[in-house]
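So you can see what is in the structure, the chains are spelled out below.
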Amino acid sequence: MPAARGGPLSGIRIVEFAGIGPGPFCGMMLADHGAEVIRIDRASGDRGGSMPITNADVLARGRKSIALNLKTAEGVALARKLCASADGIIEGFRPGVMERLGLGPEELLSDNPKLVYGRMTGWGQTGPYAPYAGHDINYIALAGALAHYGRSGDKPTPPINMVGDFGGGGMMLAFGMVSALLNVARGGEGQVIDCAMTDGTAILMAMIHGMKNMGVWSEDLGANMLDTGAHFYDTYETADGKFVSIGSIEPQFYAELRRVAGLADDADFDAQHDRAKWGVLKDKLTALFRSKTRAEWDALMEHTDICYAPVLTMSEAAGHPHNVARGTFFDGAGGKQPAPAPRYSHTATDTPAPAPMPGDHSDEILETLGIDAAERAALREAGTVA
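Here's a quick rundown of the structure.

As a further point, take the overall build of the protein chain. Within the protein chain one finds 15 helices and 13 strands. Projecting the C-alpha coordinates of the protein chain onto the three principal axes gives extents of approximately 85 × 45 × 40 Å. At a minimum sequence separation of 6, the contacts of the protein chain that also span at least 24 residues come to 68%. For the protein chain, the computed accessible surface area is about 19000 Å², with 57% contributed by carbon and sulfur atoms. Averaged over its 34 positive side-chain charges, the protein chain has a centre that lies 1 Å from the centre of its 47 negative ones.

Rendered as structure tokens:
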């Protein structure tokens with residue numbers, strides 16, 4: 001059966017109040033999978049933050065944009081009307097900002113009782129930290145995750161902003177939005193989603209908490225199997241200054257590593273899980289991997305059960321044969337960007353359109369709300385819409 005185009009969220013309308021980071025990532029995920037996502041930009045064209053507005057902004061792809069002046073009663077009234085036509089909204093302001101604008105849950109859910117009202121913050125809507133500023137590094141620190149990213153003897157190192165902003169934030173909100181939308185589709189009422197990056201980061205650590213509770217995870221940095229403590233789960237530099245990754249945890253994969261690397265007869269490697277020997281074994285593997293280039297190790301270890309992969313930059317990853325075969329990246333505005341994921345057998349996703357500039361779709365969106373050309377012209381003249 002041929003795939004239906006558009007994605008499984010086709011027919012869902014989401015209104016996104018423009019922001020930076022995790023909120024737009026949530027909007028991108030919903031748009032990638034077929035939702036119509038309408039971003040309310042500032043009529044001034046400024047969105048705050050240090051990132052410029054550009055068609056090459058991957059997080060902003062696949063949207064429509066209407067530019068409103070929310071400092072006016074008319075702009076707020078238009079935003080309310082738009083939200084009344086939507087299935088869900090996304091906002092990422094500090095607690096209380098939407099309420100002060102007159103666009104809080106009380107107003108919008110009274111207009112549209114089926115609305116899913118998604119709120120994205122770092123600390124959450126409640127709690128002692130809630131009113132204050134923060135960034136990914138702070139949220140994952142408080143959630144008990146950052147203390148466990150790094151090598152023994154070194155300081156904790158944030159994994160860019162993958163864990164707080166995107167894994168514990170935007171992805172968690174996208175999951176919450178889809179869950180709440182499903183509930184509405186099955187006869188439930190609209191509701192508010194309080195998505196805090198601290199909460200989301202904490203739940204991402206669930207397996208590690210379980211290992212700690214079972215006594216198999218140390219809180220010492222870089223002392224465990226998965227945090228660079230083990231010789232068989234780490235990255236190694238090659239002769240040409242590049243890196244490879246090894247994840248040979250299971251005994252059959254570890255045996256394959258030893259066979260291919262010429263270590264089968266080295267008795268030191270027999271006691272895989274003897275932590276007292278991990279340092280010595282890591283030194284041996286460090287010397288071994290520096291004896292060949294990354295390409296030479298690829299030739300030996302790719303397409304085996306060692307659990308091996310070269311450590312690729314973004315540019316290299318886009319050209320790797322596996323990623324090319326799967327279409328993991330595509331040519332978008334500004335260069336390569338990741339394709340929508342995951343994949344569906346029937347409701348296939350479309351290639352995302354480039355990010356819009358503020359107000360690119362103002363007339364189109366206002367027309368869907370029943371606002372005629374003369375009214376639209378008057379709103380532009382008044383500076384309510386841009």
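Spatial strand order, E4-E3-E2-E5-E6-E7: 6 strands in an open sheet with parallel pairing. Because the sheet does not close on itself, it has two edges, and the strands there are strand E4 (63–68) and strand E7 (191–196). In this sheet, neighbouring strand axes are inclined to one another by 20° on average, regardless of whether the strands run parallel or antiparallel. Pairing between strand E2 (residues 13–17) and strand E5 (residues 88–91): 3 bridges, direction parallel. In the strand pairing of E5, valine 15 is matched with isoleucine 89. Helix H6 (residues 162–185) rests against E2, E5, strand E6 (116–121) and E7 of the sheet, and its axis sits at about 160° to E7.

The next point concerns the pairing of strand E3 (residues 36–42). Among the 7 residues in E3, 5 count as buried, and that is most of the element. Relative to E3, E2 runs parallel, the two being bridged by 5 bridges. Residue phenylalanine 17 lies in a different strand from E3, and its bridge partner there is isoleucine 40. The pairing of E3 with E4 spans 6 bridges and is parallel. By the bridge assignment, isoleucine 38 is partnered in E4 with lysine 64.

Next up on the list: the packing of aromatic side chains. According to the stated counting rule, one finds 7 aromatic pairs in the structure shown. Aromatic pair phenylalanine 25 and phenylalanine 166: ring centres 5.1 Å apart, planes at 55°, arrangement tilted. Taken together, the residues span a long stretch of sequence, with phenylalanine 25 in helix H1 (residues 22–32) and phenylalanine 166 in helix H6 at a distance of 141 residues. Here the two residues phenylalanine 25 and phenylalanine 166 agree in accessibility, since each one is buried.

This part covers the packing of H6 against helix H7 (residues 197–204). Following both chains from N to C, one finds H6 and H7 inclined at 100°, their axes separated by 8 Å at the closest point. It follows from the interaxial angle that H6 and H7 lie roughly perpendicular. Counted together, Val163, Gly164, Asp165, Gly167, Gly168, Gly169 and Met172 of H6 and Met197, Gly200, Thr201, Ile203 and Leu204 of H7 form the full contact between these two elements. Looking at the contact of H6 with H7, its residues break down into 5 nonpolar, 6 polar and 1 charged.

With an omega of 0°, the peptide bond running from alanine 341 to proline 342 counts as cis. Here the phi dihedral of isoleucine 160 falls at roughly 50°; this positive angle occurs in a residue that is not glycine. Non-glycine residue histidine 303 carries a positive phi angle of around 65°.

The subject of this paragraph is the sheet that holds strand E9 (residues 243–247). Read across the sheet, 3 strands follow the order E8-E9-E10 without closing on themselves; strand pairing throughout is antiparallel. Each of the sheet's edge strands pairs with one partner strand only, and the pair in question is strand E8 (233–237) and strand E10 (308–310). Each strand axis lies, on average, 20° off the axis of its neighbour in the sheet, ignoring direction. As defined by bridge partners, E9 adjoins E10 across 3 bridges and the pair is classed as antiparallel. When the bridges of E10 are listed, isoleucine 246 appears paired with tyrosine 308. Sheet contacts for helix H10 (residues 278–289): E8 and E9; angle to E8, the most-contacted strand, approximately 40°.

All right, on to the nonpolar core then. Core analysis: the biggest nonpolar cluster contains 26 residues, and Phe17, Ile40 and Ile89 have the highest contact counts within it. Listing elements by their share of this core, those giving two or more residues are E2, E3, E4, helix H2 (73–84), helix H4 (105–111) and helix H14 (362–368). Broken down by element, the residue count for this core peaks at 5 residues, all from H2.

Among the 5 residues in E2, 5 count as buried, and that is most of the element. Residues Arg13, Val15 and Phe17 of E2 are buried on one face, and the alternating residues Ile14 and Glu16, pointing to the opposite face, are buried as well. Handedness of the β-α-β unit built from E2, H1 and E3 comes out right-handed.

With that out of the way, let us pick up the state of the cysteines. Inspection of the entire model under this criterion finds 0 disulfides. Sulfur of cysteine 26: no disulfide; nearest cysteine sulfur belongs to cysteine 195 and is 7.8 Å away.

The subject of this paragraph is the pattern of salt bridges. As enumerated under the stated definition, the model contains 21 salt bridges in all. In this structure, aspartate 331 and lysine 336 form a salt bridge, with 3.2 Å as the shortest nitrogen-oxygen distance. Given the relative accessible area of 60%, aspartate 331 is considered exposed. Here lysine 336 falls in the partly exposed class, since its relative accessible area comes to 49%. When the shortest N-O distance is used, the salt bridge between arginine 380 and aspartate 363 registers 3.4 Å.

Criteria and thresholds
Residues numbered from 1 in each chain as written. Predicted model: local features only at pLDDT ≥ 70, side-chain atom pairs only at ≥ 80, totals over all residues. Heavy atoms only, no water. Helix = DSSP H or I, 4+ residues; strand = E, 2+ residues; numbered from the N terminus. Contact = heavy atoms within 4.5 Å. Areas by Shrake-Rupley, 256 points an atom, 1.4 Å probe, with all protein chains shown as cover. Lys, Arg positive; Asp, Glu negative; His and termini not counted. Charge placed at Lys NZ, Arg CZ, Asp CG, Glu CD. Pairing = 2+ DSSP bridges. Axes fitted to C-alpha atoms, helices over the stretch in contact; angles between N-to-C directions. Buried < 20%, exposed > 50% of the residue type's maximum accessible area, 1.4 Å probe, protein only. Phe/Tyr/Trp six-rings, centres within 6.5 Å; stacked < 30°, edge-to-face > 60°. Parallel < 35°, antiparallel > 145°, perpendicular 65-115°, else oblique. Nonpolar A, V, L, I, M, F, W, Y, C, P; charged D, E, K, R; others polar. Core = buried A, V, L, I, M, F, W, Y, C linked by side-chain atoms within 4.5 Å. Right-handed = clockwise from strand over helix to strand, strands pointing away. Disulfide = S-S within 2.5 Å. Salt bridge = Lys/Arg side-chain N within 4 Å of Asp/Glu carboxyl O.

Any link to function would need more than the numbers given here.
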